[in-house]
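Residue-level structural notes
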Amino acid sequence: MTAQRTDERDNERRRAEHEPLLRIENVWKSFGTEQVFRGIDLEVDRGDVEVLVGPSGSGKSTLLRCVNRLTEIDEGAIYLDGERVTDADANVNELRQQVGMVFQDINLFAHLTARENVTLGLRRVRGFGKSEARDRADRELANVGLSDQVDSYPAQLSGGQKQRVGIARALAMDPKLMLFDEPTSALDPELSNSVLEVMERLVEAGMTMLVVTHEMRFARSAADSITFLEGGQVVERGPPERLFERPERERTREFLESIYG
Ligand SMILES: Nc1ncnc2c1ncn2[C@@H]1O[C@H](COP(=O)(O)OP(=O)(O)OP(=O)(O)O)[C@@H](O)[C@H]1O
Ligand SMILES: [Mg+2]
C-alpha cells in the first residue's frame, strides 16, 4: 500500500472516530429582512439526544428543516457523518433517506393503510420486493405497538397512533439521524405518552436524535444535552441537570421556568 493511501485511510478513521454525527457550523439564515439565524453552531454525537428549545419563532423548526434541506441555509455548513450536505451538488434524496423526520402535523397518505404508508418508501426508495417490504413494515409497526392496526386507514387511527405510524415509516429507512419537531404537542397527554414511550425506546436503542419538544420529562430523562435557541443564536447549551439546576444565563432560567414552570 502506498503512503498516500495509508494517509487517506487514517484520515477516514480519524473522521469516523472524532466527527460528530451531525455538525451545524456557523449557519446564517434570513427570510427577507428577518434574520432567523446569526451563526448557529451545534454538534450531536452518535447515539446522543439533543433537545432543542426556544421561544415561538426562534427558528427551531427552521433548523430541523435546514438539516434535511427542506430549507436552504444562507451561510455556513451542515455535515452529516462527515459529509457536507449543504453543498449545492450534495445528493438531497440520499440525505433525506439518512435523516428521518417526524413533524407535529402527521402527514400520512389518507388513502393508504398504516402498512401501505410504511411499505411505500421501502418499495420506491429502497427497492424492496413486495413481501420483503410487507415484512419489514409489519415489524416496524409492531415495534411501535401497532400490530393490530396494520390495515387501518389514517382516519381510523388516533393522533398518537398516526404519529407512531409516521415514526415507523421513518425508521423503515434505517436513518442515521431522527429529527422530531414537537411530535406530541398536538396530542392529549394520554396519547402523548404512547409516542414518548416509543421515542424513549429509540433512545435506548442508541438512535441519534435532534428533538424539539417542551416535554420536560422527556428532556430531563432522555436528553444528553439541551440547546436553548433565541435571537438567532445558541444562548446556552448543556446537560439537562446543569441547565435546569444551574444555568449560566439568567435568560435560560427565565425561559425554562416559563415552559416547565
Ligand atoms: N418559509 C418561510 N418564509 C418566511 N418566513 C419563515 C419561513 N419559515 C419560517 N419563517 C420565519 O422564521 C422564524 C422562525 O420560524 P420557526 O417556525 O422556525 O420557529 P419555531 O421556533 O419553530 O417556532 P414555534 O415554536 O412557533 O414552532 C419565524 O419568524 C417565521 O415566521
Ligand atoms: Mg416550530
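One structure accompanies this document, and this report is about it. (Residues numbered from 1 in each chain as written. Chains lettered and ligands numbered in written order. Predicted model: local features only at pLDDT ≥ 70, side-chain atom pairs only at ≥ 80, totals over all residues. Heavy atoms only, no water.)

With that settled, the discussion passes to the packing of helix α4 (residues 114-124) against helix α5 (residues 130-143). Two packed helices can be described by the angle between their axes and the distance between those axes. The N-to-C vectors of α4 and α5 enclose an angle of 125°; their axes lie 9 Å apart at closest approach. As far as their axial angle goes, α5 and α4 are oblique. As α4 packs across α5, the resulting crossing turns out to be right-handed. Residues Ala 114, Arg 115, Val 118, Thr 119, Leu 122 and Arg 123 of α4 pack against Lys 130, Ala 133, Arg 134, Arg 136, Ala 137, Asp 138 and Leu 141 of α5. For the contact of α4 with α5, the class distribution of residues is 6 nonpolar, 1 polar and 6 charged. (Axes fitted to C-alpha atoms, helices over the stretch in contact; angles between N-to-C directions. Helix = DSSP H or I, 4+ residues; strand = E, 2+ residues; numbered from the N terminus. Parallel < 35°, antiparallel > 145°, perpendicular 65-115°, else oblique. Left-handed = near helix turned anticlockwise from the far one by under 90°. Contact = heavy atoms within 4.5 Å. Nonpolar A, V, L, I, M, F, W, Y, C, P; charged D, E, K, R; others polar.)

Attention shifts here to the environment of Val 125. In this fold, Val 125 is placed in the loop between α4 and α5. If we ignore the near neighbours within four places in the chain, the residues touching Val 125 are Gln 97, Leu 120 and Met 173.

The nonpolar side chains of soluble globular proteins are, as a tendency, buried together. Core analysis: the largest hydrophobic core is formed by 47 residues, its most contacted members being Ile 167, Phe 180, Met 199, Met 209 and Phe 218. Here this core gets 6 residues from one element, more than from any other, and that element is helix α7 (residues 189-204). When residues of this core are assigned to domains, at least three fall in each of domain 1 (43-72 + 177-261) and domain 2 (109-174). (Core = buried A, V, L, I, M, F, W, Y, C linked by side-chain atoms within 4.5 Å. Buried < 20%, exposed > 50% of the residue type's maximum accessible area, 1.4 Å probe, protein only. Domains from an automatic or database assignment.)

Before going further, it helps to examine unusual backbone geometry. Residues other than glycine seldom take positive phi values, yet Arg 69 does so here, at roughly 60°. When you line up the elements, Arg 69 lands in the loop between α2 (60-67) and β4 (75-80). Here Asp 174, not a glycine, exhibits a phi torsion of approximately 55°, which is positive. Mapped onto the elements of the fold, Asp 174 is located in the loop between α6 (159-171) and β7 (177-181). A relative accessible area of 43% means that Asp 174 is categorised as partly exposed.

Its volume calculated, the largest pocket comes out at about 680 Å³. Lining the largest pocket we find 25 residues, and of these Arg 96, Met 101, Arg 169, Ala 170 and Met 173 sit closest to its centre. For the lining of the largest pocket, the elements supplying multiple residues, two or more each, are α3 (92-98), β6 (99-102), α4 and α6. Its residues assigned to classes, the lining of the largest pocket comprises 12 nonpolar, 9 polar and 4 charged. Size it by volume and the second largest pocket reaches roughly 170 Å³. Around the second largest pocket, the lining residues are Arg 69, Leu 80, Glu 83, Arg 84, Val 85, Ala 90, Asn 91, Val 92, Glu 94, Leu 95, Gln 98 and Lys 176. Looking at the lining of the second largest pocket, the elements that each hand over two or more residues are β5 (83-84) and α3. (1 Å grid on protein atoms, 1.4 Å probe; cavity = no way out; pocket = protein on both sides within 12 Å on 5 of 7 lines; lining within 4 Å. Points joined across faces, edges and corners; volume = space filled by probe spheres on them.)

Under the definition given, this model contains 20 salt bridges. In this structure, the salt-bridge partner of Glu 19 is Arg 23, at a minimum N-O distance of 3.0 Å. Grouping residues by exposure puts Glu 19 and Arg 23 together as buried. One salt bridge connects Arg 115 with Asp 138, and the closest N-O pair in it is separated by 2.8 Å. With Arg 115 in helix α4 and Asp 138 in helix α5, this residue pair connects regions lying 23 residues apart in the sequence. Via salt bridges that share partners, Arg 126, Arg 136, Glu 140 and Asp 174 belong to a single interconnected network. (Salt bridge = Lys/Arg side-chain N within 4 Å of Asp/Glu carboxyl O.)

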